[in-house]
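Summary of structural features
The lines below spell out each chain.
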Amino acid sequence: MDEVGSFPPGKKIAVVFVIGGPGSGKGTQCSMIVKQFGFTHLSAGDLLREEAKSDTEQGTMIKNLMREGKLVPSELIVKLLLKAMLQSGNDKFLVDGFPRNEENRQAYESIIKIEPDFVLFIDCPKEELERRILNRNQGRDDDNIDTIRRRFEVFQESTLPVVQYYEKRRKLRRVDGAKSADAVFKDVKAIFTQLNTQNEASATASPHSRPTTAAAGNPSPSSPASSCVLL
Ligand SMILES: Nc1ncnc2c1ncn2[C@@H]1O[C@H](COP(=O)(O)OP(=O)(O)OP(=O)(O)O)[C@@H](O)[C@H]1O
Ligand SMILES: O=c1ccn([C@@H]2O[C@H](COP(=O)(O)O)[C@@H](O)[C@H]2O)c(=O)[nH]1
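This report concerns the structure included in the present document. (Residues numbered from 1 in each chain as written. Chains lettered and ligands numbered in written order. Predicted model: local features only at pLDDT ≥ 70, side-chain atom pairs only at ≥ 80, totals over all residues. Heavy atoms only, no water.)

1. A few points about the sheet that holds strand E5 (residues 172-176)
One open sheet accounts for five strands, arranged E2-E3-E1-E4-E5; its pairing is parallel. Looking at the sheet topology across the chains shown, the edges are occupied by strand E2 (40-43) and E5. Going from strand to strand, the sheet's axes swing by 20° on average, the running direction of each strand aside. As defined by bridge partners, strand E4 (residues 118-123) adjoins E5 across five bridges and the pair is classed as parallel. (Pairing = 2+ DSSP bridges. Helix = DSSP H or I, 4+ residues; strand = E, 2+ residues; numbered from the N terminus. Axes fitted to C-alpha atoms, helices over the stretch in contact; angles between N-to-C directions.)

Spelled out as C-alpha cells, the structure:
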C-alpha cells in the first residue's frame, strides 16, 4: 500500500480501542456509542472484508487468512485504519476489534502514534460467544464452528496479552458482555460519559493547571480481572 499520510502534529485525536472475543458484541455496542457520543466507528474486520473483495493477490491473501481465523499482517491493517481515520474527517475514533496481538499494538504505536484514551474490553464466556455467532446469520465465511473455535484460540493466545498490557497501564475498562445488549450499553455509557466530563474539564482548565493527556483521558480503571476469559 502507498503512503497514506498522517494527522497534523499537535491535533488532539481521541481513540478508544474496543476489544472482546468473537461475537462478544463489539459491533453492537459501537453502533450504540456512535449514536450517543459522535465517534466514527472503524471495524478492523469490516475494513478487511472490504479489502478482501478486491481481485488482487492481497485480496485473496486476506480472504484466505480470515476464512482460517488467522490474523493478517500488522502493517496492512494499521495502514487501512489510518487511511479510514484520515478520510473520515472526524477526530474521535472507536477502533473495533483491534489490536488483536502485541505486534498489532506495536505497529499501531509506530505508524499511527496516537495513544488510546482507554480500551473497552467486552468480556463474555466462550459458550455464549459460540451461541451468538452461530445465530448471527450474516453470511460470513468465518461464522462456522471450526473457524469460531480457531478465532477463540487466537483471542486467548494473542489478544488477551494485549488486554493484560492495558490493564497493567490502568487503561482497561471492562464490562460484562454476557448481559443483554441494553444492559451492557448502560455500563458502556457510564464509561464514555466520564471520558466526556473529564475532557471538558481539562479543556476549560487554565493551560497551567491542565492535567497531562493520560490523566485527563482516563476514566476510573476497570474492576480487577474477574473476567471469565481472563481466568
Ligand atoms: N449483549 C448481547 N446479548 C445477546 N446477543 C448479543 C449481544 N450483543 C450482541 N449480540 C448479538 O450477537 C451477535 C454478535 O454480535 P456482534 O456482531 O456485535 O459481535 P462482535 O464482537 O462485533 O463480533 P465479531 O468479532 O465476530 O465481529 C449478533 O447477532 C448480535 O446481535
Ligand atoms: O485487526 C484485525 C482484525 C481482524 N482480523 C481478521 O478478521 C477476522 C474477523 O474479524 P472481526 O473483528 O471478528 O470482524 C479475524 O478473525 C481475522 O482473521 C485481523 O486479521 N486483524
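2. Regarding the packing of aromatic side chains
One pass over the structure, following the stated rule, counts 10 aromatic pairs. Ring geometry for Phe17 and Tyr166: centres 6.1 Å apart, planes at 65°, overall edge-to-face. With Phe17 in strand E1 (residues 14-20) and Tyr166 in helix H7 (residues 145-168), this pair connects stretches of sequence that are 149 residues apart. For Tyr166, a relative accessible area of 3% puts it in the buried group. When the centroid spacing of 5.1 Å and the interplanar angle of 90° are considered together, the rings of Tyr165 and Tyr166 count as edge-to-face. (Phe/Tyr/Trp six-rings, centres within 6.5 Å; stacked < 30°, edge-to-face > 60°. Buried < 20%, exposed > 50% of the residue type's maximum accessible area, 1.4 Å probe, protein only.)

3. Description of unusual backbone geometry
The omega torsion across Phe98 and Pro99 is -5°, close enough to zero to call that bond cis. Within the secondary structure, Pro99 is located in the loop between strand E3 (92-96) and helix H5 (102-111). If you check the backbone angles, Lys113 has positive phi at about 65° while not being a glycine. When you line up the elements, Lys113 lands in the loop between H5 and E4.

4. Observations regarding the site of ligand 2
Within the structure, ligand 2 sits among 16 residues, and Arg49, Lys70, Val72, Arg100 and Arg140 are positioned closest to it. Contacts to ligand 2 include Arg49, whose side-chain N or O atom sits 2.8 Å from an oxygen atom. In this structure, Val72 approaches ligand 2 through a main-chain N or O atom, which is 2.8 Å from an oxygen atom. Isolated, ligand 2 exposes 460 Å² of accessible area, and the fraction of that covered by the protein chains is 96%. No other element matches helix H2 (residues 44-52), which puts four residues into the shell around ligand 2. Of the residues assigned to the shell around ligand 2, the class counts are seven nonpolar, three polar and six charged. (Near = heavy atom within 4 Å. Polar contact = N/O pair within 3.5 Å; in protein donor to acceptor, adjacent residues only side chain to side chain. Areas by Shrake-Rupley, 256 points an atom, 1.4 Å probe, with all protein chains shown as cover. Nonpolar A, V, L, I, M, F, W, Y, C, P; charged D, E, K, R; others polar.)

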